[in-house]
2 protein chains.
Amino acid sequence: MQLSPLTEAFTLHFGEMGSRWGINRTVGQIYALLYVSERALPADEIAEILGFSRSNVSLGLKELQSWRLVRLQHLPGDRREHFSTLGDIWQIVRVLAEERRRREIDPTLSVLRELIMETPGGEADRYAQTRLREMHDLIELIMRWSEDVQKLDTADLTQLLKLGGRVVALLELKNRLPLIGRGRREPAMSHDSDGSHDQELET
Amino acid sequence: MQLSPLTEAFTLHFGEMGSRWGINRTVGQIYALLYVSERALPADEIAEILGFSRSNVSLGLKELQSWRLVRLQHLPGDRREHFSTLGDIWQIVRVLAEERRRREIDPTLSVLRELIMETPGGEADRYAQTRLREMHDLIELIMRWSEDVQKLDTADLTQLLKLGGRVVALLELKNRLPLIGRGRREPAMSHDSDGSHDQELET
DNA sequence: TCGAAGTTCCAGAAATTACTGGAACATGGA
DNA sequence: TCCATGTTCCAGTAATTTCTGGAACTTCGA
């Protein structure tokens, strides 16, 4: 099997982008190839198409599987394992977000928490801790939000995205309706000490 | 000047995270150090504190400046240039998002557009192009949204984040109010051919 | 149980990326 | 203008990451 110029251009670009992102170039290219391929491909075909060694492809596929970004399937009449990407692009985004959170964000949050708990060794440490807390709270806020939003079905998500900044108009609306919203505005970066997270909209 | 254990732990972790992200380890550490430092630091102090060569620090600072993540300032009575991070953490997020878009997303979108425009060289290319289009449209949708949301002031943004998935309740509300919403639901990944982006809420 | 086909692992080679020291260059005060 | 101080650039070196080929292992049908 040969690589069409179109697919070649895409895999090359994707590999390049991947390497800026902590994903290595070959892994990126393998993913790109599977992404645009209509049928699932076995490892040796991938190696042949992209010109990588068999073991390199094997490593790459293992990595992609650990990210849950490629699926393994068996085709009738063929003993080899075939690989393909997730079909639903929104699902890809969700999986990516989850894995990144698990691998990078969560460990970072726990390091930050530990450091914030330590007794400061001086004025400098005290300042550092306030900065760390700001970072921690911000990351946590964004993560909670994204965890939450990820659960939405695709239609809701699309509608929300299309709304963009105009969602603020909805917020205003909510704040003006006393039966639904309390009309208060959170101060920036408040610590949400009561843990309520504006539950009042839940009906 | 000496590095407190707290700051050291933070810089090390941050450097590690950075290197998973395409930012090199030393650049990450420099940023982390500045982030938790109350006063701006000159390059030679940074080099001494972190134990890097003077030129490495210089390179790193240049890189950070090109990302608009550190600011240069002159202190009275000191000829040296001093560096510090942005004070407002939300601003940091905004700047980061903008730069990443400029450097990575926009080029990717334009590659995708080019490839989608090409005349397909066969059935396989035709399928590949539909996949590329899906990816392109998704990225563009998310980018438009984030561009939009970034313009919100911090209070609105915080409120929105706290709301999380419960924002859907607002969407439902909007869809139920005939004077405000049209009550229609976009099909998933529709191409928004009229370019209206639900303008009706703009009052 | 044997052999063919397929997969995984690993040690070393190759390529890439990061880092250093020093030299060239710039700037501002005397 | 000259000197002291500070900054940038660059070529070579070091460290890290990626990639390869082959050997060991696994699986399945005959």
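Below: a short report on this structure. (Residues numbered from 1 in each chain as written. Chains lettered and ligands numbered in written order. Predicted model: local features only at pLDDT ≥ 70, side-chain atom pairs only at ≥ 80, totals over all residues. Heavy atoms only, no water.)

**Details of the protein's contact with DNA strand C**
Neighbouring DNA strand C are 15 residues, the closest being S55(A), K62(A), T26(B), S53(B) and S55(B). Among atoms of DNA strand C positioned within 4 Å of the protein, sugar and phosphate together represent 65%. A distance of 3.1 Å separates a phosphate oxygen of DNA strand C from a polar atom in the backbone of E81(A). T26(B) is positioned with one of its side-chain polar atoms (N or O) 2.4 Å from a phosphate oxygen of DNA strand C. Elements with a contribution of two residues or more to the surface near DNA strand C: α4 (54-66) of chain A together with α4 (54-66) of chain B. Counting residues per element, the surface near DNA strand C draws most heavily on α4(A), at four residues. Counted by class, the surface near DNA strand C contains one nonpolar, seven polar and seven charged residues. (Near = heavy atom within 4 Å. Polar contact = N/O pair within 3.5 Å; in protein donor to acceptor, adjacent residues only side chain to side chain. Helix = DSSP H or I, 4+ residues; strand = E, 2+ residues; numbered from the N terminus. Nonpolar A, V, L, I, M, F, W, Y, C, P; charged D, E, K, R; others polar.)

**Let's talk about the relation of the copies chain B and chain A**
Screw-axis analysis of chain B against chain A gives a translation of 0.0 Å along the axis, an RMSD of 0.0 Å, and a rotation angle of 180 degrees. The relationship between the two copies is best expressed as a two-fold rotation axis. Rotation axis and chain B: the residue whose C-alpha lies nearest the axis is W21(B), separated from it by 2.5 Å. A high fraction, 100%, of the interface residues of chain B reappear at the interface in chain A, so the copies pair face to face through one surface. (Least-squares fit on C-alpha atoms with pLDDT ≥ 70 in both. Contact = heavy atoms within 4.5 Å.)

**What about the sheet that holds strand β3 (residues 81-85) of chain A?**
Ordered in space as β1-β3-β2 (chain A), the three strands form an open sheet in which the pairing is antiparallel. The sheet is open, and its two borders are formed by β1 (41-42) and β2 (70-74) of chain A, each paired with just one other strand. (Pairing = 2+ DSSP bridges.)

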